[in-house]
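Single-letter residue listing:
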Amino acid sequence: QVHLVESGGGSVQAGGSLRLSCAASGYTYSSNCIGWFRQAPGKEREGVATIDTGGGSTYYADSVKGRFTISQDNAKNTVYLQMNSLKPEDTAMYYCAARGACLASWRPADFGVWGQGTQVTVSS
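Scoring rules and cut-offs
Residues numbered from 1 in each chain as written. Predicted model: local features only at pLDDT ≥ 70, side-chain atom pairs only at ≥ 80, totals over all residues. Heavy atoms only, no water. Pairing = 2+ DSSP bridges. Helix = DSSP H or I, 4+ residues; strand = E, 2+ residues; numbered from the N terminus. Buried < 20%, exposed > 50% of the residue type's maximum accessible area, 1.4 Å probe, protein only. Salt bridge = Lys/Arg side-chain N within 4 Å of Asp/Glu carboxyl O. Phe/Tyr/Trp six-rings, centres within 6.5 Å; stacked < 30°, edge-to-face > 60°. Disulfide = S-S within 2.5 Å.

1. Here's the deal with the pairing of strand S7 (residues 68–73)
Bridge analysis of S7 against strand S8 (residues 78–83) gives 6 bridges, and the strand direction is antiparallel. Looking across to S8, one finds that Asp73 is bridged to Thr78. Remark: 4 residues form the turn of the hairpin made by S7 and S8, two consecutive strands paired antiparallel; Asn77 in that turn has positive phi of roughly 50°.

This is the structure in structure tokens:
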């Protein structure tokens with residue numbers, strides 16, 4: 001099993017940047033796909049970005065494409081989400097999650113291991 005811990009959230013003004021971190025420990029060899037999700041109050045959890053930690057392939061939701069970048073540091077077993085040009089609508093609790101492989105289906109239910117979340121608040 002793998003254990004995930006998110007960090008790096010905070011409050012920023014619109015147009016600002018944040019970098020979120022997802023640190024993995026435990027049996028990380030079994031998790032080859034890491035995803036970032038977010039959930040705002042009263043809304044369903046939605047996918048933001050995923051990365052194939054073995055091959056490096058990435059995927060982004062249309063709402064963040066061109067503004068967010070997902071990356072990895074294998075030496076630290078950490079996945080990052082660099083968020084630039086932040087908008088108020090990006091305000092949410094951000095979670096990282098893991099599954100065995102990045103497949104065509106991309107839903108929260110497809111990811112079996114989750115971190116505790118880190119809050120991102122963007123003010124106008």
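2. Section: the pairing of strand S4 (residues 33–39)
Taken across its 7 residues, S4 has 6 buried, putting it largely inside the fold. When S4 meets strand S5 (residues 46–52), the two strands line up antiparallel, connected through 6 bridges. Opposite Phe37, over in S5, you have Gly47 as the bridge partner. Here S4 hands over to S5 after 6 residues, with Gly42 in that stretch at a positive phi of 80°.

3. A few points about the pattern of salt bridges
Across all of its chains, the model carries 6 salt bridges by this definition. For Asp90, the salt bridge identified is with Arg67, shortest N-O distance 2.7 Å. One end of the pair, Asp90, is in the loop between S8 and strand S9 (92–99); the other, Arg67, is in the loop between strand S6 (58–60) and S7, with 23 residues separating them in the sequence. Both residues of the pair, Asp90 and Arg67, count as buried. Among the ionic contacts, a cluster of salt bridges with common partners joins Arg38, Glu46, Arg67 and Asp90.

4. Section: the packing of aromatic side chains
Two aromatic rings, taken as a pair, are described by how far apart their centres are and by the angle between their planes. This structure, assessed with the given rule, holds 3 aromatic pairs. Where Phe37 meets Phe111, the ring centres are 5.0 Å apart and the plane angle is 75°; that geometry is what we call edge-to-face. Remark: Phe111 occurs in the loop between S9 and strand S10 (113–114) and Phe37 occurs in strand S4; sequence separation between them is 74 residues. Summarising the burial analysis for this pair, Phe37 and Phe111 share the class buried. Ring centres 4.9 Å apart and planes at 55° place the aromatic pair Phe37 and Trp114 in the tilted group. Of this pair, Phe37 sits in strand S4 while Trp114 is found in strand S10, placing the two residues 77 residues apart along the sequence. When its relative accessible area of 26% is taken as the criterion, Trp114 is described as partly exposed.

5. Notes on the environment of Thr28
Take Thr28: it is sitting in the loop between strand S3 (18–26) and S4. Along the backbone, Thr28 and Asn77 are 49 residues apart, and their C-alpha atoms lie at a distance of 7.8 Å.

6. Some details on the state of the cysteines
A full pass over the atoms with the stated rule returns 2 disulfides. There is a disulfide in this structure between Cys22 and Cys96, and the S-S distance comes to 2.1 Å. Of note, the bridge from Cys22 to Cys96 carries an S-S torsion of about 70° and is right-handed in sense. Taken as a pair, Cys22 in strand S3 and Cys96 in strand S9 lie far apart in primary sequence, 74 residues in all. Given the relative accessible area of 1%, Cys22 is considered buried. Residue Cys33 pairs covalently with Cys102 via a disulfide, S to S 2.0 Å. In this structure the cystine formed by Cys33 and Cys102 twists about its S-S bond by roughly 95°; its chirality is therefore right-handed. Here Cys33, found in strand S4, pairs with Cys102, found in the loop between S9 and S10; they are 69 residues apart in sequence, far enough to count as distant.

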